[in-house]
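Residues per chain are reported as follows:
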Amino acid sequence: MWGTLTDLSLHGCYVEMNTTFPVDTRVDLVLKSFGIRILALGTVRATYPFLGMGICFAELEPTEKLQLKQLLAALAGRRAANGAPAEENGVKETLKAADPRAFLDEVTAFFQKSPLLSRDDFHQIAKRARRS
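As the structure is a prediction and not an experimental result, all values here were calculated from the model.

Colleague: Please set out the pairing of strand S4 (residues 36–48) residue by residue, giving values where relevant.
Modeller: Of the strand pairs in this sheet, strand S3 (residues 26–33) and S4 are connected by 8 bridges, and their pairing is antiparallel. Across the sheet, residue Leu31 finds its bridge partner in S4, namely Ile38. Following S3, the chain reverses through 2 residues before pairing antiparallel with S4; Phe34 in that reversal takes a positive phi of roughly 55°. Bridge analysis of S4 against strand S5 (residues 52–57) gives 6 bridges, and the strand direction is antiparallel. When the sheet's bridge partners are listed, Tyr48 is paired in S5 with Gly52. If you look at the hairpin formed by S4 and S5, you'll find 3 residues sitting between the two strands, and Phe50 has a positive phi there, around 70°.

Colleague: Which residues make up the sheet that holds S4, and what are the values?
Modeller: Reading across the sheet, the 5 strands line up as S1-S2-S5-S4-S3 and stay open at both edges, with antiparallel pairing between neighbours. Two strands lie at the open edges of the sheet, namely strand S1 (4–8) and S3, each paired on one side alone. Neighbour to neighbour, the strand axes of the sheet diverge by 40° on average, direction disregarded. Across 5 bridges, the pairing between strand S2 (residues 12–16) and S5 is antiparallel. If you follow Val15 over to S5, its bridge partner there is Met53. Strand contacts of helix H1 (residues 62–75): S1, S3, S4 and S5, with the helix running at about 80° to S4, the strand carrying the most contacts.

Colleague: Give me the environment of Ala40: which residues, what numbers.
Modeller: Mapping Ala40 onto the fold places it in strand S4. Take Ala40: its relative accessible area is 7%, and that puts it in the buried class. Separated by 17 residues in the primary sequence, Ala40 and Phe57 place their C-alpha atoms 6.7 Å from one another. Ala40 has contacts with Val27, Asp28, Leu29, Phe57 and Leu60, leaving out every residue within four places of it along the chain.

Cut-offs applied
Numbers given for residues are sequential positions, taken from 1 along each chain in its written order. Totals for whole chains, interfaces and linings use all residues, but because this is a predicted model, local features are given only for residues with pLDDT of at least 70 and pairs of side-chain atoms are given and counted only at 80 or more. By convention in this description, side-chain values take in all heavy atoms of the structure and omit both hydrogens and water. Strand pairing follows a simple DSSP-based rule, namely that at least 2 bridges must link the two strands. Helix and strand assignments come from DSSP, with helices taken as H or I runs of at least 4 residues and strands as E runs of at least 2, each series counted from the N terminus. Interaxial angles span 0 to 180 degrees and are taken between N-to-C directions of axes, which are lines fitted to C-alpha atoms, for helices over the stretch in contact. Here, two residues are considered to be in contact whenever any of their heavy atoms come within 4.5 Å of each other. A simple rule labels every residue: compare its accessible area, found with a 1.4 Å probe on the protein chains alone, to the largest value its type can have, and call it buried under 20%, exposed over 50%, or partly exposed in between.

This is the structure we're talking about:
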């Protein structure tokens, strides 16, 4: 069965799907996102018929837990290195150095052309809006 993963943590997830299972049902999960594939066993802890269900993970294998940490880092917009999220260098300094008026003007212009602003686009705008 297919579902849409809408919430994820180290301990469980919420899956939107029309067909749900009763509380305490054991499930085999395959989570796929950002090129990462995780196999996990879980137990349904909350069910909302025709909406979805909350699933608590059973003990994960060490390799699956590492994959889950990498997926959480990717979803948080950070690159994962050796299983741990890497800090972005210089982001705060770039934003501090940005001229607020120029930055706002660039963001406004961006949204006039595109409905979605990626993290990379945001940082590029901040770099272009640096104070002289």
